[in-house]
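# Tertiary structure, described
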Amino acid sequence: MVAAGPHIYFGIHTRDESARMLYISEGVQQVLGFTPAEIMSRPASEYIADSVHADYPLIFTQGEEKEGEDAVGAYVFYLNVKTATGASVLERVTAFACDTCVVFVCLSFPDAPFRDRRELEVQVLDREMTRLNVSRHRRHRSAAPQPPALFRARSRLPRAALVVEFPPRAARCPAGPLITFASGSIGRLVDADADDLDRCPFLRLVALEDVVRVCALFERLAASTDVQHEAFSLLRKPHVIAGDVPVADADNPRVAVECLAAAAHNGAVLLLRAAGASGDGGHLSLLDLVSSDPETSDAHEWAQAT
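The name an unreviewed UniProt entry gives the protein is PAS domain-containing protein, with Coemansia javaensis as the organism.

Next comes the structure, spelled out in structure tokens:
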């Protein structure tokens, strides 16, 4: 059964032409009628009802034409998405690109009428707050000679995505909610890989002095469907592998991160990005990226666009 009112769910897909689904929260069934198992490993564009579905994977590569990968921090756009009944629902998508995957949070507007989007317009939340017409840009590039491929340096500010279990299940673990998914880029923030973190309590990654701060973040997530922001420090060498000798807290380097988080009833997705140096004019904070433009808080204007 598809939800009758606005509802939020989140997911993660690969950052390439396939946009293959890596994770989807159970809330998708309330919105679209599909179970997570039906969507997993399928291309995200398969579920887009608009004629721009083929342009969708290009959103997360167009911004790389700017100087440096960190120029693009977040994207906001609207799409009509297919439901299991064959109908469609309008969704406002807020997406964040990691090195190899894309984290997205979808808010549905089931009462909005269907209007086929023949142009895929995306609001790029960077320092310039630019608009990008992905469809038009794609047509322009396809008509022009293609430049040779470029090798790009890794982002100066590493990013990683995690999915964790959420209360009430999380309350059973004194070290916080268990990690159920980690992007491969997590190894750029802490000395552990995705396999090491499977079913690991999240608070084992957090510096002792910031545990209370992170617990407060989870409390806010439990009380709201809004995207939440918090800054805290991770341990560079967390004790997550049984048998390894733990590093003394005083000798364990800290990694300052910013976190954007969104939750559904059965889990939460976390986007972690290494915090830029104080006063660094080259980067907006993640909080600035999601709150500095009033257009990102209202679907009305784009919901009426054709």
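Further notes follow.
## Points about the overall build of the protein
Check the secondary structure of the protein and you find 8 helices and 12 strands. Counting only residues that meet the buried cut, the protein has 48% of its 306 residues in that class. Contacts spanning at least 24 positions in sequence make up 62% of the contacts within the protein whose residues lie at least 6 apart. In the structure as shown, the protein presents an accessible area of about 14500 Å², 54% of it carried by carbon and sulfur atoms.

## Looking at the pattern of salt bridges
By the definition in use, this model includes 10 salt bridges. Arg213 is the salt-bridge partner of Asp210, the closest N and O atoms lying 3.7 Å from each other.

## What to know about unusual backbone geometry
As a rule of thumb, non-glycine residues mostly have phi less than zero, and peptide bonds are mostly trans rather than cis. Positive phi is not limited to glycine here, since Ala19 has a value of about 45°. Along the chain, the position of Ala19 falls in the loop between strand 1 (8-14) and strand 2 (21-24). Residues other than glycine seldom take positive phi values, yet Ser41 does so here, at roughly 70°. Following the sequence through the fold, Ser41 ends up in the loop between helix 2 (36-39) and helix 3 (59-62). Among the residues examined, Ser41 registers a relative accessible area of 44% and is labelled partly exposed.

## A closer look at empty space enclosed by the protein
Scanning the entire structure with this criterion turns up 3 cavities of 30 Å³ or more. Roughly 210 Å³ of internal volume is contained in the largest cavity. For the largest cavity, the lining is made up of 18 residues, of which Tyr9, Ala44, Val81, Phe104 and Cys106 are closest to its centre. Sorting the residues of the lining of the largest cavity by element identifies strand 1, strand 2, helix 1 (28-32), strand 3 (75-82), strand 4 (88-97) and strand 5 (101-109) as the ones contributing at least two each. Ranked by the residues each element gives to the lining of the largest cavity, the list is headed by strand 3, at 3 residues. Looking at side-chain class alone, the lining of the largest cavity contains 16 nonpolar, 1 polar and 1 charged residues.

## Some words on the environment of Ile8
With respect to the helices, strands and loops of the structure, Ile8 is situated in strand 1. In the structure, Ile8 is positioned 254 residues away from Ala262 in sequence and 8.8 Å away in space, judged by C-alpha atoms.

## Some remarks on the environment of Arg92
Examined against the element boundaries, Arg92 turns out to sit in strand 4. A C-alpha to C-alpha distance of 6.8 Å links Arg92 and Leu79, two positions 13 residues apart in sequence. At 3.4 Å, the side chain of Arg92 forms a polar contact with the side chain of Thr94.

## Section: the environment of Val269
Examined against the element boundaries, Val269 turns out to sit in strand 12 (residues 267-274). Note: C-alpha distance between Val269 and Ile179 (90 residues apart in sequence) is 9.8 Å. Val269 has contacts with Phe10, Ile12, Val103, Leu162, Val163, Leu260, Ala261 and Ala262, leaving out every residue within four places of it along the chain.

## A closer look at the packing of aromatic side chains
Under the defined criterion, the tally for this structure stands at 9 aromatic pairs. Between Phe34 and Tyr47, the ring centres sit 5.2 Å apart and the planes meet at 75°, which makes this aromatic pair edge-to-face. Of this pair, Phe34 sits in the loop between helix 1 and helix 2 while Tyr47 sits in the loop between helix 2 and helix 3, and the two are 13 residues apart along the sequence. A relative accessible area of 16% places Phe34 in the buried class. With 6.4 Å between their ring centres and 90° between their planes, Phe202 and Phe232 make a pair best called edge-to-face. You can see Phe202 sitting in the loop between helix 5 (194-197) and helix 6 (211-223) and its partner Phe232 sitting in strand 10 (residues 228-235), a full 30 residues away along the chain. Residue classification places Phe202 among the buried residues on the basis of a relative accessible area of 1%. Overall, Phe232 belongs to the buried group, its relative accessible area being 3%.

Reading the values: the criteria
- Residues numbered from 1 in each chain as written.
- Predicted model: local features only at pLDDT ≥ 70, side-chain atom pairs only at ≥ 80, totals over all residues.
- Heavy atoms only, no water.
- Helix = DSSP H or I, 4+ residues; strand = E, 2+ residues; numbered from the N terminus.
- Buried < 20%, exposed > 50% of the residue type's maximum accessible area, 1.4 Å probe, protein only.
- Contact = heavy atoms within 4.5 Å.
- Areas by Shrake-Rupley, 256 points an atom, 1.4 Å probe, with all protein chains shown as cover.
- Salt bridge = Lys/Arg side-chain N within 4 Å of Asp/Glu carboxyl O.
- 1 Å grid on protein atoms, 1.4 Å probe; cavity = no way out; pocket = protein on both sides within 12 Å on 5 of 7 lines; lining within 4 Å.
- Points joined across faces, edges and corners; volume = space filled by probe spheres on them.
- Nonpolar A, V, L, I, M, F, W, Y, C, P; charged D, E, K, R; others polar.
- Polar contact = N/O pair within 3.5 Å; in protein donor to acceptor, adjacent residues only side chain to side chain.
- Phe/Tyr/Trp six-rings, centres within 6.5 Å; stacked < 30°, edge-to-face > 60°.

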